[in-house]
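Results of the structural survey
Spelled out, the chains give:
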Amino acid sequence: HIMKNIKNLFIAAIMLAMVPAAIAQTADEIVNSYFENTGGMDAWKSLNATKISATVNQGGMEIPVDIYSTKEGKLAIVANFQGMSMTFMAYDGETAWNTNQMTMAPEKMTQEQTDNMKLQANDFPSPFMDYKSKGYTVEYIGEETMEGTKTHKIKMVQEPMMINGVEEQAITYYYFESENSVPIATEVTVSGQTMKDTMSDYEEVEGLYFPFAMTMMGGMPLDIKSVEVNPEIDPSIFTFPSPAAAAAKE
């Protein structure tokens, strides 16, 4: 009996040791099939930049915005409002800045905000690409039904961020639709507040699939009109304007 119990314990121990490997593989399988189903890893790796043209509905007003993103982590969100172009947010790899909506003057963001932008610079086109080499961890949580759709819930942990001087773990939960392995929702908690965003209406652009309907910053709807793959982008879009350039513009 003792031998039999030891044998059973031994089998149980082996089974337990195998469980994390199986779960980790499931997370990787879902991530890999996401890249495969949306164009293939090689195609995603050859993506250098995107320009997304969309409208944001703010207080019943449709505001056209262009979102420029590059492989180097540069970002610019430019709103075109009543014939005026306004940089809602930009980052050129060093400086993060935006436009003061009262004075319409460009302003540098805080050091903390800039440092957080730097952390995100290696996440184009997806934080899941080569996530292990970035030091991220990905964990399969389980199956969950999200608004009537069966999904796989995956937890991603990225580099910690500073929020108001306090270091916070950067944890995002992704909900991948079971059928096509594409993310349809994300959930992130910042300073105790949980923000949920959705993405849907995946369409093909030059062999890659992008969501054409999504929300950002915790539910602000973004209606995407077009996605341009590897567009020519004027680098000055990302750069904080010098006082002379700002004066010339006026």
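What you see is a predicted model; the values in this text were computed from it and never measured. (Residues numbered from 1 in each chain as written. Predicted model: local features only at pLDDT ≥ 70, side-chain atom pairs only at ≥ 80, totals over all residues. Heavy atoms only, no water.)

1. What about helix H3 (residues 111-120)?
We apply this condition: Working definition: with a 1.4 Å probe on protein chains only, accessible area under 20% of the residue-type maximum means buried, over 50% means exposed, and in between means partly exposed. In this text, helices come from DSSP runs of H or I with a minimum length of four residues, and strands from runs of E with a minimum of two, each type numbered from the N-terminal end. Working note: the arc is built from the helix axis to C-beta atom directions. Contacts are assigned to residue pairs with any non-hydrogen atoms lying within 4.5 Å of each other.
Along H3, the positions that sit buried rather than exposed are Thr114, Asn116 and Met117. Projected onto a plane normal to the axis of H3, the buried residues spread over an arc of 160° and lie on a single side. Here the buried face of H3 lies against strand E3 (75-81), strand E4 (84-91), strand E5 (96-99) and strand E8 (149-163).

2. Brief notes about the side chain of Glu168
This is how it is decided: In this charge count, Lys and Arg are treated as positive and Asp and Glu as negative; neither His nor the chain ends contribute. One side-chain nitrogen of Lys or Arg within 4 Å of one carboxyl oxygen of Asp or Glu is enough to make a salt bridge.
In this structure, Glu168 sits in strand E9 (residues 166-177). Of the side chains bearing the opposite charge, Lys155 lies closest to the buried Glu168, which forms no salt bridge; the N-O distance is 13 Å. In this view, Glu168 contacts Pro160, Met161, Ile163, Thr189, Val190 and Ser191; residues no more than four positions away in its chain are not counted.

3. Comments concerning the packing of aromatic side chains
Each aromatic ring pair is characterised by the separation of its centres together with the angle its planes make. Our working definition: Two aromatic rings, drawn from Phe, Tyr or Trp (for Trp, its six-membered ring), form a pair once their centres lie within 6.5 Å of each other, and the interplanar angle then sorts them: stacked below 30 degrees, edge-to-face above 60, tilted otherwise.
Applying the stated rule across the entire model yields seven aromatic pairs. Aromatic side chains Tyr34 and Phe176 sit 5.8 Å apart centroid to centroid with 70° between the ring planes, which places their arrangement in the edge-to-face category. Highlighted residues: Tyr34 in helix H1 (residues 2-37) and Phe176 in strand E9, separated in sequence by 142 residues.

4. Let's talk about unusual backbone geometry
Residue Phe124 is joined to Pro125 through a cis peptide bond whose omega torsion reads -5°. Note that Pro125 resides in the loop between H3 and strand E7 (137-146). Here the phi dihedral of Asn164 falls at roughly 50°; this positive angle occurs in a residue that is not glycine. You can see Asn164 is positioned in the loop between E8 and E9. Overall, Asn164 belongs to the exposed group, its relative accessible area being 67%. The backbone of Asp201 shows a phi angle near 55°, a positive value even though the residue is not glycine. For Asp201, the position within the fold is in strand E11 (residues 193-205).

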